[in-house]
Amino acid sequence: MQFRQQALAKLQSPEELDLPVRFARPQGWLALSVTVVVMAAASVWAVTGSVASTVSAPAVLTHGEGSYILQSPAAGQVTAVLAKEGERLPAGSPVLKVRTAEGDAVVRTVAAGRITALAATIGQIISTGANVAAVEKVAGADDPLYATVYVPAENAASVPPGAAVDLTVQTVPTQQYGVLRGHVKSVDRAAQSAQAIAAFLGDSQLGEQFTAQGRPVAVLVRLDTDAATRSGYRWSSADGPPFRLASMTMATGSIRLADQRPVDWLLP
């Protein structure tokens, strides 16, 4: 009843129509101004800004030229193992002695390198072309390490040369020593088959492992060096691990992809 009387009183007082009307409070104008500024900034960022993204993929620390699988040129029985795992040998060095029907045959290294695996033992019967050893192509102990990251083929086109890479090394505690730093040196043009990966790494199991979800593209990463660390490479921590890195160490690489526009504008 009280509100009805007030409404009737307003209708009976037309002379108050010339009074100024307040459309909004100062707090309302402030909120509107902030909203307009935020929308304008978002519009500018949508046109000129970019979104940084990364791709993570399995990686292996190797020397730049990779490895090769040494095969026996003859069938027979292994009578002597003339090399040791970890031994660095020049090209043409004897690795195995095999007794064949025609006499003894010697299996020799094809190129200089380090024996990373021996698959033959004394007394074993092997066939022609059997895999007997894996040899990493390395000339000297000071040859630098690289990382080969096997990126899914659909992401390879977005990996720019020189992109920053963080490597989580399997043998290095990340919480204590951080990640290994590097930059993309090159990106292969074609996807890698299991056979190609096995030939480069000297390990058929890794070839099958890295192609389980499809053929990846190999991205070669140059590791950033740092003479002040024990490993000789740069880490996200100040010193990195207190030991040197070994080739054929597994890792996970996180590669920064080329920046992407947040909005794709469709023109008529």
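Parameters at a glance
Residues numbered from 1 in each chain as written. Predicted model: local features only at pLDDT ≥ 70, side-chain atom pairs only at ≥ 80, totals over all residues. Heavy atoms only, no water. Helix = DSSP H or I, 4+ residues; strand = E, 2+ residues; numbered from the N terminus. Buried < 20%, exposed > 50% of the residue type's maximum accessible area, 1.4 Å probe, protein only. Pairing = 2+ DSSP bridges. Polar contact = N/O pair within 3.5 Å; in protein donor to acceptor, adjacent residues only side chain to side chain. Axes fitted to C-alpha atoms, helices over the stretch in contact; angles between N-to-C directions. Contact = heavy atoms within 4.5 Å. Phe/Tyr/Trp six-rings, centres within 6.5 Å; stacked < 30°, edge-to-face > 60°.

Chemist: What exactly am I supposed to notice about the environment of Gly103 here?
Modeler: Note on placement: Gly103 falls in strand β6 (residues 103-108). For the pair Gly103 and Gly76, spaced 27 residues apart in sequence, the C-alpha separation works out to 9.5 Å.

Chemist: What is the right way to look at the pairing of strand β1 (residues 54-63) in this model?
Modeler: Along a regular strand, successive side chains alternate from one face of the sheet to the other. The buried fraction of β1 amounts to 7 of the 10 residues, a majority that puts the element mostly inside the structure. Relative to strand β14 (residues 249-256), β1 runs antiparallel, the two sharing 8 bridges. The residue of β14 that forms the bridge with Thr54 is Arg256. Bridge count between β1 and strand β10 (residues 145-152): 5 bridges; the pairing is antiparallel. When the bridges of β10 are listed, His63 appears paired with Leu145.

Chemist: What is the right way to read the side chain of Ser72 from this model?
Modeler: Looking at where Ser72 falls in the secondary structure, it is placed in the loop between β2 (67-71) and β3 (76-81). Here Ala74 takes part through its backbone oxygen, which lies 2.6 Å from a polar atom of the side chain of Ser72.

Chemist: Would you mind going over the sheet that holds strand β12 (residues 180-187) with me for this structure?
Modeler: In a beta sheet, neighbouring strands pair by backbone hydrogen bonds and run either parallel or antiparallel. With respect to topology, 6 strands assemble into a closed barrel ordered β1-β10-β13-β12-β11-β14, the strand pairing being antiparallel. For this sheet, the mean angle separating the axes of adjacent strands, direction not counted, is 40 degrees. Sitting on the sheet, helix α5 (residues 194-201) touches β1, β10 and β13 (216-223), and the angle it makes with β10 is about 170 degrees.

Chemist: Can you walk me through the sheet that holds strand β9 (residues 131-136) in this structure?
Modeler: Here we have 4 strands laid out as an open sheet, ordered β2-β9-β7-β4, and antiparallel in their pairing. The sheet is open, and its two borders are formed by β2 and β4 (88-89), each paired with just one other strand. Inspection of the sheet shows β2 paired to β9 by 5 bridges, in the antiparallel sense. Paired with Gln71 across the bridge in β9 is Asn131.

Chemist: I would appreciate a short explanation of the packing of aromatic side chains in the present structure.
Modeler: Given two aromatic rings, one states the distance between the centres and the angle between the planes to describe the pair. With the rule as written, the count across this model stands at 1 aromatic pair. Between Tyr150 and Phe210 the ring centres are 4.9 Å apart and the planes differ by 25 degrees, which places this aromatic pair in the stacked class. Of this pair, Tyr150 sits in strand β10 while Phe210 sits in helix α6 (residues 204-210); the two residues are 60 residues apart in sequence, bridging distant segments of the chain. Each member of the pair, Tyr150 as well as Phe210, carries the same accessibility label: buried.

Function-wise, these values are silent; they only describe arrangement.
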